[in-house]
Structure formats: structure tokens, C-alpha cells
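# Chain and residue survey
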Amino acid sequence: MNHPAVIAPVVTLDNHAFFFDVDGTLAAIQSRPDEVFIPSSVITCLQKLSVGCGNALALVSGRPLSELDALTAPLRLPLAGVHGAERRDVAGKVHCISLPDEVSKSVLQQLRQVLATLPGTLLESKGMAFALHFRNAPEYADEVQDLAEKMVMQFPQLVLQPGKCVVELKPKGVDKGLALHQFMQEALFSGRIPVFVGDDVTDETGFGVVNALGGVAIKVGQGQTQASFRMDNVEEVHRWLEKLTSQLHQDTTFIGKELR
Ligand SMILES: O=P(O)(O)OC[C@H]1O[C@H](O[C@H]2O[C@H](CO)[C@@H](O)[C@H](O)[C@H]2O)[C@H](O)[C@@H](O)[C@@H]1O
């Protein structure tokens with residue numbers, strides 16, 4: 001569906017499980033990945049919501065788990081990172097897809113070499129995945145795209161993951177839809193109706209899984225999507241979170257409560 005409803009859906013904490021993308025959804029887009037932050041008021045909302053829905057709340061992001069923990073400190077949520085290549089389940093166990101050492105070393109070396117010749121581009125290495133950013137050098141978008149395409153031809157273990165002013169290389173077979181599906185198999189999530197809020201191409205596989213489960217898929221911002229709902233921007237996501245959590249009783253919402 002290309003023209004989803006522009007209204008916040010009705011959800012109830014008893015019945016729903018909540019999944020949030022990070023960049024462009026909980027955190028406003030910044031010029032560089034390391035400039036991103038989630039306002040403390042939003043972290044408080046996430047904690048309230050998590051407690052209110054029996055801890056059936058997870059982040060599903062392209063970022064590594066370590067960065068997600070840092071961005072949401074002091075929370076320690078179930079997480080899917082690197083588009084699903086890493087996942088920390090409800091029990092805290094980390095599941096991780098890795099690349100053979102020689103592959104990741106060779107990819108990294110080749111990417112570094114070429115991107116060094118394209119001033120303003122930025123390479124983010126996540127071990128088993130690589131983000132080639134051109135937000136600050138849009139004139140090199142085509143060169144970056146060509147480089148990424150060459151790498152996936154050379155290394156069949158990798159596939160392209162397009163994003164906002166970025167082309168990523170991630171392990172084949174990994175996506176947010178699968179990560180979301182895996183969370184929904186866990187006792188704490190299963191039986192609930194999934195709600196997933198995301199803004200980017202990588203979130204579409206998550207929206208697909210949510211739709212198949214009769215859940216609520218919410219696209220943030222413009223662009224084609226299979227989500228059924230839309231929110232205008234990050235600020236609207238924040239306002240929705242505030243509204244959802246303001247209905248909670250005080251005794252379920254205090255900071256510092258053990259999340260599981
Ligand atoms: O799945 P997400 O949580 O949305 O993460 C997707 C990628 O987000 C980051 O890059 C994007 O945000 C940056 C900061 O706002 C921005 O500078 C960049 O242009 C965007 O592409 C992050 O750096 C990637 O690792 C994530 O995969």
C-alpha cells in the first residue's frame with residue numbers, strides 16, 4: 001500500500017508487542033552516525049512502555065548491539081542489530097551471524113582504500129557488515145553505489161542494503177523481518193499483536209512480517225511502503241510515545257525497575 005492512513009493506530013499494552021527502529025524513528029537523523037542521540041524523555045517513555053507491556057518491547061536496528069545499548073542506557077532491552085545479523089533475545093542470549101575472517105578483512109581493506117579517494121564519505125565497519133555513507137559527499141553517491149555492487153559480486157556472502165544516504169553490505173539471509181519473526185517466537189512476545197515503527201527501506205521486511213501476523217506497521221516519513229499507518233516524523237513518534245505512556249499507572253512506570 002503506498003498511501004497508508006495518516007493517523008496514530010489504537011494499541012493496548014495488554015495485547016501488543018512493540019518494535020522500534022532507531023535512526024529516523026526514535027532518533028532524528030544527523031550528519032554523522034556518532035552524533036545521534038535519543039532524548040532522555042524518550043528513553044523514559046520506552047522504559048515505561050516496556051514495563052507496561054510486560055517487557056514485550058525490542059529495538060530492531062541497522063546499528064550494532066553495543067551502540068543500541070549506549071543509545072538507550074540505562075535500559076537493557078531485547079535488541080536486533082545490524083539489520084538482524086545480531087540479536088539479543090529476551091533471556092539476554094546473543095545470536096550472531098559472522099563472516100569468515102579473511103572475507104571481512106579483505107572487504108574492509110578494499111572499502112578503506114577506495115573511500116579514502118572520495119572525500120567526505122564515511123565507512124562504518126560493524127564486523128560482519130559495512131555502511132558506506134555519502135550524506136556529506138552526495139556527489140560521490142554513484143561511485144559509492146558502484147563500489148558496493150562490485151563488493152557483493154566479489155563476495156557472494158554479502159548483499160546490498162540501501163538506506164538514507166548510505167549503501168550497506170550485510171550478510172546474505174539477514175533482515176529485520178526475520179529478526180522480528182524470531183522475537184515473536186519467544187514466549188514473552190508470542191500471542192501478542194506486533195507493532196513496528198520504522199522509517200527506511202530496511203524496515204519494509206519487518207512491516208511485511210507484521211502485516212502477515214495481523215499487526216500494526218507504521219512508516220515514519222515519506223516514501224513507498226507496505227505499512228498501513230504513517231507518522232510524519234520523529235517528533236510525531238515521540239508525541240505518540242508520550243501519549244501511550246501517560247496513560248500508565250504511576251506504580252508501573254518508575255525508572256530503575258528490573259526489565260526482566
Ligand atoms: O535501522 P536503523 O536504526 O534506522 O539504522 C539504519 C542506519 O542508521 C545509521 O545511518 C543513518 O543515520 C545516520 C545518523 O542520523 C545518518 O548520518 C546516515 O546518513 C543514515 O544512513 C547508522 O549509521 C547505520 O549503521 C544504520 O544501519
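Residues numbered from 1 in each chain as written. Predicted model: local features only at pLDDT ≥ 70, side-chain atom pairs only at ≥ 80, totals over all residues.

Basically, it comes down to this: UniProt positions are given in the numbering used here, feature names are shortened, and annotations may be inferred rather than shown by experiment.
Under an unreviewed UniProt entry, the name given to the protein chain is Trehalose 6-phosphate phosphatase, and the organism recorded is Izhakiella capsodis. Looking at the Cofactor (unreviewed entry) heading of the UniProt record, one finds this comment for the protein chain: "Mg(2+)".

### Concerning the site of the ligand
What counts is decided by this rule: Any residue whose C-beta atom, as set from the backbone, lies within 6 Å of a molecule or strand is reported as near that molecule or strand. Strands here mean DSSP runs of E at least two residues long; helices mean DSSP runs of H or I at least four residues long; both are numbered from the N terminus. Start and end points for every domain follow an automatic or database-based domain assignment.
Taken together, 24 residues sit near the ligand, with Val 22, Asp 23, Pro 33, Ser 61 and Gly 62 positioned nearest. Of all the secondary-structure elements, those providing two or more residues to the shell around the ligand are strand E7 (130-133) and strand E9 (166-171). When residues of the shell around the ligand are sorted by domain, at least three fall in each of domain 1 (16-96 + 174-252) and domain 2 (101-171).

### Section: the sheet that holds strand E6 (residues 122-125)
Strand pairing in a sheet relies on backbone hydrogen bonds. The paired strands run either parallel or antiparallel. Heads up, the condition is: DSSP bridges decide pairing: two strands pair if at least two such bridges lie between them. Fitting a line to C-alpha atoms yields each axis, with helices limited to the stretch in contact; the angle taken between N-to-C directions then spans 0 to 180 degrees.
Spatial strand order, E6-E7-E9-E8: 4 strands in an open sheet with antiparallel pairing. The sheet is open, and its two borders are formed by E6 and strand E8 (158-163), each paired with just one other strand. Across the sheet, the mean angle separating the axes of adjacent strands is 20 degrees when strand polarity is ignored. Note that E7 and E9 share 4 bridges and pair antiparallel. Counted as the bridge partner of Ala 131 is Glu 168 from E9.

### Considerations on helix H2 (residues 65-72)
Let me state the cut-off plainly: Here the C-beta atoms are placed from the backbone, and a residue counts as buried if at least 20 other C-beta atoms lie within 10 Å of its own, exposed if 12 or fewer do, and partly exposed otherwise. What the arc describes is the spread of directions from the helix axis to the C-beta atoms. Here contacts are defined at the residue level, using C-beta atoms placed from the backbone and a cut-off of 7 Å between them.
Buried within H2 are the following residues: Leu 65, Glu 67, Leu 68 and Thr 72. Down the axis of H2, the smallest arc covering the buried residues is 160 degrees, so these residues share one side. Every exposed residue of H2 that faces more than 90 degrees away from the buried side is listed here: Ser 66 and Ala 70. Contacts made by the buried residues of H2 are with helix H1 (40-52), strand E2 (57-60), strand E3 (79-81), strand E4 (86-88) and strand E5 (94-96).

### Quick notes on the pairing of E7
Burial along E7 is two-sided: the residues Phe 130 and Leu 132 and Ala 131 and His 133 are all buried. With antiparallel pairing between neighbouring strands as the criterion, E6 and E7 make up a hairpin whose turn holds 4 residues, including Gly 127 at a positive phi of roughly 90 degrees.

### Section: the packing of H1 against helix H7 (residues 234-246)
Using the following cut-off: Convention used here: angles under 35 degrees read as roughly parallel, angles over 145 as roughly antiparallel, angles from 65 to 115 as roughly perpendicular, and any remaining angle as oblique. Working rule for handedness: look at the near helix, and if it is turned counterclockwise from the far one by less than a right angle, call the crossing left-handed; if clockwise, right-handed. Just so you know the grouping, Ala, Val, Leu, Ile, Met, Phe, Trp, Tyr, Cys and Pro go in nonpolar, Asp, Glu, Lys and Arg go in charged, and all remaining residues, Gly too, go in polar.
Running from amino to carboxyl end, H1 crosses H7 at an angle of 45 degrees, the nearest separation of the two axes being 9 Å. One way to sum up the angle between H1 and H7 is to call them oblique. Relative to H7, H1 is oriented so that their crossing is left-handed. Only His 238, Leu 241, Glu 242, Leu 244 and Thr 245 of H7 make contact with H1, whose side of the interface consists of Val 42, Cys 45, Lys 48, Leu 49 and Gly 52. A per-class count over the contact of H1 with H7 returns 5 nonpolar, 3 polar and 2 charged.

### Some remarks on the confidence of the model for the protein chain
As a reminder, the rule being used: pLDDT is defined as a per-residue confidence score from the predictor, taking values between 0 and 100.
With 92% of its residues at a pLDDT of 70 or more, the protein chain has an overall mean of 92. Predicted complex, confidence summary: ipTM 0.99, pTM 0.93.

### A word on the sheet that holds strand E11 (residues 216-220)
Taken together, 8 strands build an open sheet; the order of strands is E5-E4-E3-E2-E1-E10-E11-E12 and the sheet is mixed. Since the sheet does not close on itself, it has two edges, and those belong to E5 and strand E12 (229-231), each with one partner. Averaged over neighbouring strand pairs, the angle between their axes works out to 15 degrees when direction is ignored. Relative to E3, E2 is paired through 2 bridges, and the arrangement is parallel. Of the residues in E3, the one forming a bridge with Val 60 is Ala 80.

### Digging into the domain arrangement of the protein chain
Under the domain assignment, the protein chain is made up of domain 1 (16-96 + 174-252) and domain 2 (101-171). In this structure, domain 1 and domain 2 have C-alpha centres spaced 25 Å apart. Contact with domain 1, which involves 14 residues of that partner, is made by 14 residues of domain 2. Within the side of domain 1 that touches domain 2, the residues separate by chemical class into 7 nonpolar, 5 polar and 2 charged.

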